[in-house]
Amino acid sequence: MKNRPYHNTTFSIFALFVFFQICLSSSFAQTKMNINENWLYLENHTPNLGEAQKATNWTPLNLPHTWNAEDATDLNPGYRRDASWYQKKLNIAPIDQNKCYYLYFEGSNVTTKVYVNGKEAGGHIGGYIGFTIDITNFIKEGSNDIFVRVDNSYDIEVIPSQKSDFFIYGGITRDVWLLSKYKNHIENLKITTPEVSAKKASLNIVASTVNPDNTAALSLTVVLKNPKGKKIASKTVPVLDKTTTIKFDNLKNPELWDTENPNLYKVTAFLSEKNQIRDSVNEKVGFRWFEFKDHGPFYLNGKRLLIRGTHRHEEHAGVGAAMSNAQHRADMESIKKMGANFVRLAHYPQDPEIYKACDELGLLVWDELPWCRGGIGGELWQTNTKNMLAEIINQNYNHPSIIIWSLGNEMNWLPDFPDGDNTEKTNVFLTELNDIAHKMDPTRKTAIRKYYEGSQIVDVFSPSIWSGWYSGSYKNYQKAIDVYKKEYKHFIHAEYGGDSHVGRHSENPITGENIIKAEGWEEAIVQTKVANIAQIGDWSENYIVDLFDWHLHISENDPMFVGNVQWAFKDFATPLRPEDDIPYMNQKGLVDRNGNPKDAYYVFKSYWSNEPFTYIESHTWTERQGPENTPRTLSVFSNCDKVTLFHQGKSLGQKQRNLSLYPANGLTWDVNFLKGENILIAIGETKNGTKVSDTIKVNYRFNKNDTATSLQLSSEKLKNGNYLVTAIAIDNNNLRCLDYEESVYFQCLKGGKTMKSQGTPTGSESIKMANGKASIEVVPDGPGIPIEMTALNQSFKGEYLKIAN
């Protein structure tokens, strides 16, 4: 039924006091209470609720939680893929018969069943999107028993594929909430901006309402406030159907949402019954428009915007996927501080805090369906996959930051099903997904990465270009993007980079010149027959700095390029890489798994950030060696207009930053290091005269180390009260062996515990050395208790260290 004008003097007066009534907390107001605290956990896979209830070995914990927080990254092969139970006593008093009650899970991985007071209340399939369980008919006044069974067992019917390059963490990995709503309530708001320009905009709000008693006297009021909190529009209409539409036309001079000024308007909807507020819902909206030019660049709000992107996996050292909201927010703030304007969520939708942060910080989002590898499955697999796509779009629809719904990544790689890589079947299904996405949301683009046979089905396509890592040389990057700009109507480059081991440096990084065929850039499915830098390289920070510097040198100077999306922002854990320098870690991050920046982070910041800074490469390269009177080229990464480098207090000259120059935009100096301590200071100056500086100390020696003969252990007390135990590989002359890169194994024998299974440079009991050095953090058992440590490897007998503490 078409909405008609609703005139009611009483209601108009009521609308004036609507906020006052809300402040008085009407008994019908919707409530949302976080219930993360005081759960019990049972590591038992029984499907029988009664058996779980009788168990006596429940342990207390708070959510979010995963049972794979550390076993994913321990040194034992595999990780727990099974079911566990969670339990909570939930007090609900009093129960209002006019209300409905729900449990909202932001994410529970992978399949979930929820029991309330002994009865199954509902469940969910899929681990990366939120779901709501109606518990109204299962609860009683007072204490209620909530039992939740979560299962991350191998399940071929649920994406992502088990062959994906990341762990599938089991548990209730995100926040859980208790919701209460009046029986007549707003189910959701779907907000679109049909018309947006610098001069005017329109807003379309579709409210889905629940009205079980078919109450006739329902009305909907929507209030729109600008980013400064001023009310600029409001309307009231009767609720005559399950959905009600309110439109605001001709909104003058909207404050546009963009990556530099992420202006957010507030939409508040009030559902009223006989002039009494029954429910209210708040949403944010951003006015913006965008376009991918055919075979050309990307435009936001009518202006060319070079996409400067990275990827984000949802996990962190020590907690796996069970990150706190503060940790989620810190990731996004670090990405923004680097100067990025785009993030691809890999390879699944992420915590609601991420989308909120992207809206508020001004980060464009590529949101991805977890169809990652594994090929196409049968009817059940397809149903689960389509349901997941619909859930993602419905739940994340209102975020102005999202511009792309990705339908998958490397989908036909390594099929799980017979004939799972059948192109014809895959394209039929991909077309179905594409149609679902466009029907549900015609305002955004669809995309896939690295499934060439389906590139013409979606709106935006990313081929695979891994120049200088999985194939070829990074020097052929321009050639690669020139080929694809012509071939694909809307081309974006997602994924490039390489692994780097924190603290590993080389005077002459391995580039593959004259060894690796340089023309190619495609990543092979199976790497065993392919020569590439990933296999023969030194994984030094220097090489990755050079690689990223070159990619940015190309992308920042190409006026017709859409932009690229670096892989990946943070080191992340994966079952497929047990032999990496830090076992089970993909070390392609710009920051380590704790979020600490590597050298490469500052390369991106020098091209992208507006915050003045100067960074000398490298703060972890404090021990160097080489012949006397042999200058070394030193790079400074900065976004300042001019930089001066000082060595031992003497200026080596001022240089002008030039975007067309490589490396480091021309900010390089030849430094003739002295024997012993060398102090280097870089002072950057912006066009307006602001000065920023950076200082490093380098110990330089002229004699090269011999072959390593032993390990030397030492300790340092940290500010947090823990100890950093360091192993150094030394030769017979007691020189640190800067070329020694073998693994070393730490063990705490007494008096403390190692920070193991963290997947960080100081959080693994097995780690390859970086320029002959490796460290681990140790937590003392208590004050005055001596700590005994050992370190060993295949080359040397174990070395022993006693720390007095």
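What counts as what
- Residues numbered from 1 in each chain as written.
- Predicted model: local features only at pLDDT ≥ 70, side-chain atom pairs only at ≥ 80, totals over all residues.
- Heavy atoms only, no water.
- Helix = DSSP H or I, 4+ residues; strand = E, 2+ residues; numbered from the N terminus.
- Rg over C-alpha atoms; globule rule 2.2 N^0.38 Å.
- Buried < 20%, exposed > 50% of the residue type's maximum accessible area, 1.4 Å probe, protein only.
- Contact = heavy atoms within 4.5 Å.
- Areas by Shrake-Rupley, 256 points an atom, 1.4 Å probe, with all protein chains shown as cover.
- Lys, Arg positive; Asp, Glu negative; His and termini not counted.
- Charge placed at Lys NZ, Arg CZ, Asp CG, Glu CD.
- Salt bridge = Lys/Arg side-chain N within 4 Å of Asp/Glu carboxyl O.
- Expected span 1.5 Å × (residues − 1).
- 1 Å grid on protein atoms, 1.4 Å probe; cavity = no way out; pocket = protein on both sides within 12 Å on 5 of 7 lines; lining within 4 Å.
- Points joined across faces, edges and corners; volume = space filled by probe spheres on them.
- Nonpolar A, V, L, I, M, F, W, Y, C, P; charged D, E, K, R; others polar.
- Pairing = 2+ DSSP bridges.
- Right-handed = clockwise from strand over helix to strand, strands pointing away.
- Core = buried A, V, L, I, M, F, W, Y, C linked by side-chain atoms within 4.5 Å.
- Phe/Tyr/Trp six-rings, centres within 6.5 Å; stacked < 30°, edge-to-face > 60°.
- Lys NZ or Arg CZ within 6 Å of the ring centre and 35° of its normal.
- Polar contact = N/O pair within 3.5 Å; in protein donor to acceptor, adjacent residues only side chain to side chain.
- Axes fitted to C-alpha atoms, helices over the stretch in contact; angles between N-to-C directions.
- Parallel < 35°, antiparallel > 145°, perpendicular 65-115°, else oblique.
- Left-handed = near helix turned anticlockwise from the far one by under 90°.
- pLDDT = per-residue confidence, 0-100.

Student: Tell me about the overall build of the protein chain, residues and numbers included.
Tutor: Secondary structure assignment for the protein chain yields 11 helices and 46 strands. The C-alpha atoms of the protein chain give a radius of gyration of 29 Å, which matches the 28 Å a tight globule of 805 residues would have. Taking all 805 residues of the protein chain together, the buried fraction comes to 59%. Long-range contacts, defined here as pairs at least 24 residues apart, represent 71% of the contacts in the protein chain between residues at least 6 apart. Accessible surface for the protein chain amounts to roughly 32,700 Å². Of this, 49% is attributable to carbon and sulfur atoms. Taken as two groups, the 87 positive and 94 negative side-chain charges of the protein chain have centres that lie 6 Å from each other.

Student: Give a detailed account of the pattern of salt bridges, specifying residues and quantitative values.
Tutor: Using the criterion set out here, one finds 41 salt bridges in the structure. A salt bridge links Lys228 to Glu255; its shortest N-O distance comes to 3.3 Å. Pair noted here: Lys228 is in the loop between β13 (218–225) and β14 (231–238) and Glu255 is in the loop between β15 (243–252) and β16 (265–273), with a separation of 27 residues, a long-range link. Exposure remark for Lys228: the relative accessible area of 70% places this residue in the exposed category. Of the residues examined, Glu255 reaches a relative accessible area of 23% and is grouped as partly exposed. Across the pair Arg344 and Glu368 runs a salt bridge whose closest N-O atoms are separated by 3.1 Å. Within this pair, whereas Arg344 is found in strand β22 (residues 342–345), its partner Glu368 is found in strand β23 (residues 364–368), the two being separated by 24 residues in sequence. For the residue pair Arg344 and Glu368, the accessibility class agrees, reading buried in each case.

Student: Go over helix α4 (residues 325–337) with me, naming the residues and quoting the values.
Tutor: Spanning 13 residues, α4 covers 18 Å between terminal C-alpha atoms, matching the ideal 18 Å at 1.5 Å per step. Every buried residue of α4 is listed here: His328, Arg329, Asp331, Met332, Ser334 and Ile335. Note on α4: the residue one or two positions beyond its end, Gly339, has a positive phi of about 105°.

Student: Summarise empty space enclosed by the protein; cite the residues concerned and give the values.
Tutor: Scanning all chains against the criterion turns up four cavities of 30 Å³ or more. What lines the largest cavity is a set of 13 residues, and nearest its centre among them are Tyr128, Tyr169, Glu314, Ala321 and Tyr348. Within this model, the second largest cavity holds a volume of roughly 60 Å³. Taken together, Arg81, Val110, Ser153, Asp155, Val158, Ile159, Pro160, Gln162 and Ile168 make up the full set of residues lining the second largest cavity. Here the residues of the lining of the second largest cavity are counted per class, giving five nonpolar, two polar and two charged.

Student: Any chance you could break down the pairing of strand β25 (residues 445–449) for me, citing the residues and the numbers?
Tutor: Most of β25 sits out of view: four of its five residues are buried. Alignment of strand β24 (residues 402–409) against β25, held across four bridges, turns out to be parallel. Opposite Ser406, over in β25, you have Ala447 as the bridge partner. For the crossover from β24 across helix α7 (residues 423–440) to β25, the handedness is right-handed. Pairing geometry for β25 and strand β26 (residues 460–462), over three bridges, is parallel. Residue pairing across strands places Ile448 opposite Phe461, the latter belonging to β26.

Student: For unusual backbone geometry, give the residues involved together with the corresponding values.
Tutor: In this structure, the amide linkage connecting Leu63 to the following residue, Pro64, adopts the cis form with an omega of 0°. Considering the arrangement of structural elements, one finds Pro64 in the loop between β3 (59–61) and β4 (83–92). The omega torsion across Ile159 and Pro160 is 5°, close enough to zero to call that bond cis. One can find Pro160 in the loop between β9 (142–151) and β10 (176–182). Positive phi outside glycine occurs at Asn117, with the angle close to 50°. Relative to the helices and strands, Asn117 is located in the loop between β6 (111–116) and β7 (119–125).

Student: Give a detailed account of the nonpolar core, specifying residues and quantitative values.
Tutor: Counting residues in hydrophobic clusters, the biggest one holds 118 residues, and the most contacted among them are Met332, Trp371, Trp469, Phe548, Val744, Phe746 and Met789. In terms of residues, this core owes the most to one element, helix α10 (residues 541–555), which gives eight residues. The contact partners of Trp469, leaving out residues within four places of it in the chain, are Gly497, Gly498, Asp499, Asn532, Ile533, Ala534, Trp539, Tyr543, Ile544 and Lys588.

Student: Can you break down the layout of surface pockets residue by residue, with the values?
Tutor: Here the largest pocket is characterised by a volume of approximately 2,000 Å³. Every residue lining the largest pocket is counted, 50 residues in all, and those nearest its centre are Lys32, Val281, Asn282, Glu283 and Gln395. Split by residue class, the lining of the largest pocket holds 18 nonpolar, 16 polar and 16 charged. For the second largest pocket, the lining is made up of 32 residues, of which Val502, Gly503, Thr620, Pro761 and Thr762 are closest to its centre. Contributions of two or more residues to the lining of the second largest pocket are made by α11 (599–608), β43 (766–768) and β44 (773–780).

Student: Hey, could you go over the packing of aromatic side chains for me, with residue numbers and the actual values?
Tutor: The geometry of two aromatic rings is summed up by the distance between their centres and the angle between their planes. One pass over the structure, following the stated rule, counts 39 aromatic pairs. Within the aromatic cluster, the residues linked to one another by ring pairs are Tyr452, Phe461, Tyr484, Tyr488, Phe491 and Phe561. The ring of Tyr397 carries Lys190 above its face, with NZ or CZ at 4.8 Å from the centroid. Looking at Lys293, its charged tip hangs above the ring of Tyr299, at a distance of 4.8 Å from the centre.

Student: So what's going on with the side chain of Thr112? Residues and values would help.
Tutor: The residue Thr112 is located in strand β6 in this model. Of note is the side chain of Thr112, whose polar atom sits 2.8 Å from the side chain of Ser108. Each residue touching Thr112, except ones within four places of it in the same chain, is listed here: Gly122, Gly123, His124, Phe131, Val148, Arg149 and Val150.

Student: Tell me about the packing of helix α8 (residues 477–487) against α10, and please be specific about residues and values.
Tutor: Put simply, α8 and α10 touch, their axes get as near as 10 Å, and they point 45° apart. When the axis of α8 is compared with that of α10, the two are oblique. Every pair of crossing elements has a handedness; the one defined by α8 and α10 is right-handed. Every residue of α10 that contacts α8 at Tyr477, Gln478 and Ile481 is listed here: Trp550, His551 and Ile554. Taken together, the residues of the contact of α8 with α10 sort by class into four nonpolar, two polar and no charged.

Student: Quick rundown of the confidence of the model for the protein chain? Include the residues and the values.
Tutor: This prediction gives the protein chain a mean pLDDT of 93; 95% of its residues lie at or above 70. Taken as a whole, residues 1–27 scores under 50 in pLDDT and shows 37 contacts with residues more than four places along the chain or in a different chain.

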